[in-house]
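Structural characterization, general
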Amino acid sequence: MMNSNFPEISKILSAVARGSLDNVLKGAKNPAAFQRHPEAVRLLEEKTKEVLSEPITPLPWTRFRLFEDNGNRSEYENPKNRRRLRLICLQNLILASENPDKSLDDELNDLLWATCDEFTWVLPAHIWTNTGRPADIQLDLGSCNTAFLIAEALFLLKDHIDPRVAERCRNELRRRILDSFLGPYKRDWWERGENNWGAVCAGYLGIVFLYEEKNLEKLNTALPRLIKTLDNYLYSFPEDGSCIEGAAYWEYGLSHFAIFADFLREYTNGEINLFANPSLKKIGLFYQRVLLTDTRTASFSDCKRFRLNSFGFMSKLAEQIDGVARPSGRLRQDPMTHPSPIFSIRDFLWTDPNQEATPLEDAVEYFPNTQMLVVRKSPFAFGAIFGTNHAPHNHNDIGSFILINNNDEGPMDLGQGNYNKQNFNHERYTILNNGSQGHSVPIVDGNYQKYGAEFVSTDVTLKEEGDTVTYSGDIARAYPTDALTKLLRTFTVQSDKAITEVKDDFVYNGEAKPIVERFVGFAKPEIVKPGLVTFGPFEMTFNPLYPATVKVDSMTHLGGITKEDVYLLDIELPLGEESFTAQFAPKQ
């Protein structure tokens, strides 16, 4: 575990007492800070026009109740997110305009009023009964985010917000957030800081308290708890700096740590800099190390397979931590790599439009604590994971792998799917992208891998010789069966030739049991002849005596709107077969 080495809390509180909001977000009220990104401003204008052409999206009971009724999150969360997008659009367009249209003020005030009307800012999926807090004053990702957006709007747009609306907003912030956090309730689990929740909630709340809490005694009570949560969050990372939740949740959690750390740095006029922390070096480098290409990331756990271009966050991280790669300074929207429909205020302020993206270098990147491996030799890339089936946002994926060539996909880790009630209860691993049935790993005696601390890989080894990397691990213990005493999976990657061999060796526990080798991806495998399959940009060869079949399934992506076909290549081994080898080479 990492040591955070934060300054003493007494030093932080003393610096806060001397600090001032006059120091923060100084460029935000200067339209020139936005206009230096003309493409992003154009997008902002288009998106604002679009959202304002719609009425403020209703959030009725019949949507709110759906999560409890049938597990659906999207029907409520999507329109709620549309409201928050509307607020970000209005705020940023007003700030980006030399002479903003006065009608935007009415839109802004109506939206803030409607947000105060919402029964709760908490997502229905996150309403708990074990903290003692009523549902309307609970503290989750949604309520903390909403509080942050309102508090920042009150600070940046005070000349555009009617005093009566501002008063109501502050009353709601006090009731739902400030007093709730300091109230006589059981502390939320996320205060332990063990995953992204701690960074997101504490990061948001820290800023809300600095914006809104004028009582120094209350501020001095809240900040130590929140900073301790952020301390615990950094401590939760293993020594190699990897994120067991996957690359997407690394970005989600650490970006909110960064937002708070920079706000505190500015508020205290540079006296307190939480970035000046040795443990952040390894943590900060994780994301760029698990990139497969400029546009793709290793999609293990709940992670999308396309790179997330968080321009402002990555620019700030590169500014504060040596060695972190800078993104391009050109704020641009891309359906794959920047799916967010708008840029945040910190994208505008933190991104230098003249900065060049740091080139992605060929490398072998290995994380021994999470047993994650990435091999890059452009235009070829390989990723694999052993490790454990007991992690936050876990997928049963021990032995899974990814192959890319010329930016085309072969076998893939499907990554993050749609979030609903089933995704977070006992049915989680019946969902294709979460269970091993949706990963390129064997099916042993009809068994898929299982979730739990006891389901792990063993004897994991890595060897490098020139451009050849050999990575192996025994994955027998990932399965809830004693059919095998050993299942040694070995990857031999010749990165200079873009050739990968996958070899499985089986040691049976007595009577032989059936084995099916499964390979999964979004590219459709085409069986050319026995023992030869084209799989995306690769030709896959194996023993022609093994029968192979291709099935089609599908997965629903996050948000519940987009569905994509998934292909399952199953190769049935003869009973008692002691090894299996498949080779993937570039198509000729």
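See above for the structure.
Just so we're clear, the structure is a prediction, and the values are computed from it rather than from any experiment. Sequence order sets the numbering: in each chain, residues are counted from 1 along the sequence as written. Thresholds applied to this predicted model are a pLDDT of at least 70 for local features of residues and 80 or more for the giving and counting of side-chain atom pairs; totals over whole chains, interfaces and linings are not thresholded and use all residues. For side-chain calculations, the full set of non-hydrogen atoms in the structure is used, while hydrogens and water are omitted.

Here we look at the nonpolar core
Side-chain atoms within 4.5 Å link the members of a nonpolar core, which is a set of buried Ala, Val, Leu, Ile, Met, Phe, Trp, Tyr and Cys residues. The buried label applies to any residue whose accessible area, calculated with a 1.4 Å probe on protein chains only, is under 20% of its type's maximum; exposed applies above 50%, and partly exposed to all values in between. Counting residues in each nonpolar core, the largest one holds 130 residues, and the members touching the most others are Trp190, Leu210, Trp250, Leu254, Phe257 and Leu317. Excluding its chain neighbours within four sequence positions, the residues that come into contact with Trp190 are Leu139, Phe181, Trp197, Gly198, Cys201, Ala202, Leu205, Leu226 and Thr229. Contacts are residue-level and defined by heavy atoms, with any inter-residue pair within 4.5 Å sufficient.

Description of unusual backbone geometry
A cis amide bond links Ser378 to the next residue, Pro379, at an omega of 10 degrees. At Asn269, a residue that is not glycine, the phi angle is positive and equals roughly 55 degrees. According to the relative accessible area criterion, Asn269 is exposed, its value standing at 62%. Positive phi values are uncommon outside glycine, yet Gln371 reaches one of about 55 degrees. The numbering of helices and of strands both runs from the N terminus, where a helix is a DSSP run of H or I of at least 4 residues and a strand a run of E of at least 2. By the element assignment, Gln371 lies in the loop between β1 (363-367) and β2 (372-377). Since its relative accessible area comes to 18%, Gln371 is described here as buried.

Side note on helix α9 (residues 163-182)
Taking 1.5 Å as the rise per residue, α9 with 20 residues should run 28 Å; its terminal C-alpha atoms sit 26 Å apart, in good agreement. A residue's bend is simply the angle between two axes: one fitted to the seven residues ending at it, one to the seven starting at it. Where α9 bends most, at Arg174, the angle is about 40 degrees. For α9, the set of buried residues is Val165, Ala166, Cys169, Glu172, Leu173, Arg176, Ile177, Leu178, Ser180 and Phe181. Buried residues along α9 sit against α7 (103-117), α8 (141-156), α10 (196-212) and α11 (216-235). Contacts described as polar in this section are N or O atom pairs within 3.5 Å, which, within protein, must combine one atom able to donate a hydrogen with one able to accept it, while residues neighboring in sequence count only if both atoms come from side chains. A distance of 2.8 Å separates the backbone nitrogen of Arg164 from a side-chain oxygen at the start of α9, and that oxygen is part of Asp162. Expected span of a helix: the number of residues minus one, times 1.5 Å.

With respect to the environment of Arg174
Turning to its location among the elements, Arg174 is positioned in helix α9. We classify Arg174 as partly exposed; its relative accessible area is 24%. Separated by 35 residues in sequence, Arg174 and Phe209 have C-alpha atoms that sit 9.8 Å apart. Apart from residues lying up to four places away in sequence, Arg174 is in contact with Asp179, Ser180, Glu212, Glu213 and Lys218.

A look at the state of the cysteines
By definition, disulfides here are pairs of cysteine sulfur atoms that lie within 2.5 Å. Tallying each qualifying case throughout the model produces zero disulfides. Free cysteine: Cys169, not disulfide-bonded; nearest cysteine sulfur from Cys116 at 3.9 Å.

Structural notes on the environment of His256
Looking at the element boundaries, His256 is found in helix α12 (residues 247-267). In this structure the C-alpha to C-alpha distance between His256 and Glu167, which are 89 residues apart in sequence, comes to 27 Å. When neighbours within four sequence positions are excluded, His256 is seen to be in contact with Ala199, Val200, Gly203 and Tyr204. At 3.3 Å, the side chain of His256 and the side chain of Ser255 are in polar contact.

Topic: the sheet that holds strand β3 (residues 380-385)
Here, any two strands with at least 2 DSSP bridges between them count as paired. Read from one edge of the open sheet, five strands run β1-β2-β3-β5-β6, paired in antiparallel fashion. In this open sheet, the two strands that pair with only one neighbour each are β1 and β6 (408-409). Sheet topology note: the β2/β3 ladder contains six bridges and is antiparallel. Note on β3: the bridge partner recorded for Val375 is Phe382.

So, the sheet that holds strand β18 (residues 563-572)
Reading across from one edge, β7-β13-β18-β17 is the order of the four strands in this open sheet, with antiparallel pairing throughout. Looking at which strands have only one partner, the edges of the open sheet turn out to be β7 (443-444) and β17 (548-556). In the sheet, β17 pairs with β18 via nine bridges, with the strands oriented antiparallel. Residue pairing for β18: Val552 is matched across the bridge by Tyr567.

Digging into the pairing of strand β14 (residues 526-529)
Here β14 runs beside strand β15 (residues 532-535); their pairing, made up of three bridges, is antiparallel. What sits directly across from Ile527, in β15, is Val533. Adjacent in sequence and paired antiparallel, β14 and β15 are bridged by two residues, among which Gly531 carries a positive phi angle near 85 degrees.

Side note on the packing of aromatic side chains
In this analysis, rings of Phe, Tyr and Trp, with Trp reduced to its six-membered ring, are considered paired at centre separations within 6.5 Å, and the interplanar angle assigns stacked below 30 degrees, edge-to-face beyond 60, and tilted for intermediate values. Summed over all chains, the structure comprises 33 aromatic pairs. Considering the side-chain rings of Phe64 and Tyr76, the 5.4 Å spacing of their centres and the 80 degrees angle between planes classify their relative orientation as edge-to-face. Separated by twelve residues along the polypeptide, Phe64 in helix α4 (residues 61-64) and Tyr76 in helix α6 (residues 74-96) bring together distant segments of the chain. Both residues of the pair, Phe64 and Tyr76, belong to the buried class. Centre to centre, the rings of Phe286 and Phe367 are 5.2 Å apart; their planes meet at 65 degrees, and the pair counts as edge-to-face. Here Phe367 lies in strand β1 and Phe286 lies in helix α13 (residues 279-289), a separation of 81 residues in the sequence. Three or more aromatic residues link up through ring pairs in this structure, and these residues are Tyr366, Phe382, Phe386, Phe401, Tyr471, Phe491, Phe519, Tyr546, Phe580 and Phe584. The ring of Phe155 has Lys29 sitting right over it, with the charged end atom 5.2 Å from the ring centre. Above the face of the Phe181 ring, Arg225 is positioned so that its terminal group lies 3.9 Å from the ring centre. Distance and angle both matter: a charge sits over a ring if NZ of Lys or CZ of Arg is within 6 Å of the ring centre and within 35 degrees of the ring normal.

With respect to the pairing of β1
As defined by bridge partners, β1 adjoins β2 across five bridges and the pair is classed as antiparallel. Note on β2: the bridge partner recorded for Val364 is Val375. Taking the residues between adjacent antiparallel strands as the criterion, β1 and β2 are bridged by four residues, where Gln371 takes a positive phi near 55 degrees.

Quick look at helix α1 (residues 9-18)
If you check which residues of α1 are buried, you get Ile12, Leu13, Ala15 and Val16. Across the axial projection of α1, the buried residues extend over an arc of 160 degrees, all falling on one side. What the arc covers is the set of directions going from the helix axis to the C-beta atoms.

The values are spatial; any link to function lies outside them.
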